[in-house]
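# Structural features, examined
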Amino acid sequence: MASSLQTQHETQSGVYTFSSRPRAVPNRPKYRQSAPLLNEEQSSYGNIMYDRRVVRGNTYAQPILPITSQPDPVEFLKQQEARKRALSRKRLKEQFGPKTPEPLEGRMNIDVQTEMYLEELSDHIEDVSVECQTDMFLDKPATPLFIPAKTGRDAATQIEEGELFDFDVEVQPVLQVLVGKTIEQALLEVLEEEELASLRNQQQVFREIRDAELVEVQRLEERERRLRVEKENRIKQQKAVLEEEKETADKIAARAFAQQYLSDLLPSVYSNLKDCGYFYDPVQRDIETGFLPWLMEEVTSTLEQRYVARTVLDMLIQDVTNQRLEAFQMKE
């Protein structure tokens, strides 16, 4: 309910009186507007060409309406996300967009002309705020039930008791039919129960026979499996014996061939190794590898020492001879 601008006065006697100014009644609908559905747009359309409720195009490509009136949750979530993005963009635009700074304390912002030449604003219409008290919104009354208009002419007739039929006489066939049908239905149900019991007995007998056959089949399968495993083991053992016999025969043949081949090979190998120097006298080898190199090194070092001594002696003799020659020449 809209509130009105009321003035409250207190008289000298302490009684409060209320008064309101006269005002014009605004144009408003008689009933409340129904709340829009979740899958409908919140804003009203000014042009029916942009209203989604208006179908455009050919009738062969009409959109398929959903079976239930419940909105699609995926479409509803998409609309919510789009609505949130629009609100966030609006908030960012209002927050970071260019706007007039807030006025200082005790001042206020007013509209002024920013053109180069001042113009008189003559199209401004003076307006006065007027308010009034309004009644509460009334709910829309229920739609009355549709009753089609009556057509034709009314006619009536009077039927006395006993004119149409006698109940005691007419009810006998009906009772006979009802009792007969009831007995027949009961007999059918008894027969059906007996047949079901017979079927259960047959199923029980069949189940027992099947279980016995399954047990026998399992026993035969187990026997067949044991025989197959035993056969495979015997085949493996026989193969192993044959492989061992073959391997033994190969070893015997190889040993005989090796003995026959080595009977003439060993003397020739020993002779070749001896000729190549693999078989030698240890004393001779020790003399050749140890004593003779040492002796040669000692003889070489001794000869080098003698050569050095002779060279030094020759140099001393030459120096003495040169000195004496110089002294003799200086005396002369």
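Residues numbered from 1 in each chain as written. Predicted model: local features only at pLDDT ≥ 70, side-chain atom pairs only at ≥ 80, totals over all residues. Heavy atoms only, no water.

Take the overall build of the protein next. Secondary structure summary: the protein contains 3 helices and 2 strands in total. Along the protein, from the amino end to the carboxyl end, the secondary structure elements read β-β-α-α-α. Each of the 332 residues in the protein was classed as buried or not, and the buried ones make up 2%. Put simply, 50% of the contacts in the protein that link residues at least 6 apart link residues at least 24 apart. (Helix = DSSP H or I, 4+ residues; strand = E, 2+ residues; numbered from the N terminus. Buried < 20%, exposed > 50% of the residue type's maximum accessible area, 1.4 Å probe, protein only. Contact = heavy atoms within 4.5 Å.)

Moving on: a nonpolar patch on the surface. Together, Phe257, Tyr261, Leu262, Leu266, Val269, Tyr270, Tyr278 and Phe279 make up an exposed nonpolar region whose accessible area comes to about 860 Å². As for its position among the elements, Tyr261 is in helix 2 (residues 167–276). (Patch = residues over 30% accessible without salt bridge, like charges linked within 9 Å, V, L, I, M, F, W, Y side chains within 5 Å. Areas by Shrake-Rupley, 256 points an atom, 1.4 Å probe, with all protein chains shown as cover. Salt bridge = Lys/Arg side-chain N within 4 Å of Asp/Glu carboxyl O.)

Attention now moves to a negative patch on the surface. There is a patch of like negative charges on the surface, built from Glu189, Glu192, Glu193, Glu194 and Glu195. Within the secondary structure layout, Glu189 lies in helix 2. (Lys, Arg positive; Asp, Glu negative; His and termini not counted. Charge placed at Lys NZ, Arg CZ, Asp CG, Glu CD.)

Applying the stated criterion to the full structure yields 1 aromatic pair. Where Phe291 meets Trp294, the ring centres are 6.1 Å apart and the plane angle is 40°; that geometry is what we call tilted. Taken together, the residues Phe291 and Trp294, both in helix 3 (residues 282–331) and 3 residues apart, mark about one turn of the helix. (Phe/Tyr/Trp six-rings, centres within 6.5 Å; stacked < 30°, edge-to-face > 60°.)

Largest kink in helix 2: about 40°, centred on Leu262. In the segment just after helix 2, Gly277 is the residue with positive phi, at about 95°. (Bend = angle between axes of the 7 residues up to and from the residue.)

Compared with the 74 Å implied by 1.5 Å per residue over 50 residues, the 73 Å span of helix 3 between its first and last C-alpha is a close match. Along helix 3, the sharpest change in direction is near 35° and occurs at Glu288. (Expected span 1.5 Å × (residues − 1).)

With that settled, the discussion passes to the pattern of salt bridges. Scanning all chains against the criterion turns up 5 salt bridges. Note that Arg225 and Glu222 form a salt bridge whose closest N and O atoms lie 2.3 Å from each other. Of this pair, Arg225 and Glu222 both sit in helix 2, 3 residues apart, which is roughly one turn of the helix. Judged by relative accessible area, which is 37%, Arg225 ranks as partly exposed. Across the salt bridge formed by Lys251 and Glu247, the nearest N and O atoms sit 3.7 Å from each other. Of this pair, Lys251 and Glu247 both sit in helix 2, separated by 4 residues, roughly a single helical turn. Residue Lys251 is classed as exposed on the basis of its relative accessible area of 54%. Among the residues examined, Glu247 registers a relative accessible area of 44% and is labelled partly exposed.

Moving on: the confidence of the model for the protein. Looking at the protein, pLDDT values average 79 and 82% of them are 70 or higher. Averaged pLDDT values over the elements of the protein bottom out at 41 in strand 1 (residues 6–10) and peak at 90 in helix 2. Scored below 50 in pLDDT, residues 1–13 makes 31 contacts in the model with residues more than four places away or belonging to other chains. This model gives residues 36–43 a pLDDT under 50, and the stretch forms 9 contacts once residues within four places in sequence are excluded. (pLDDT = per-residue confidence, 0-100.)

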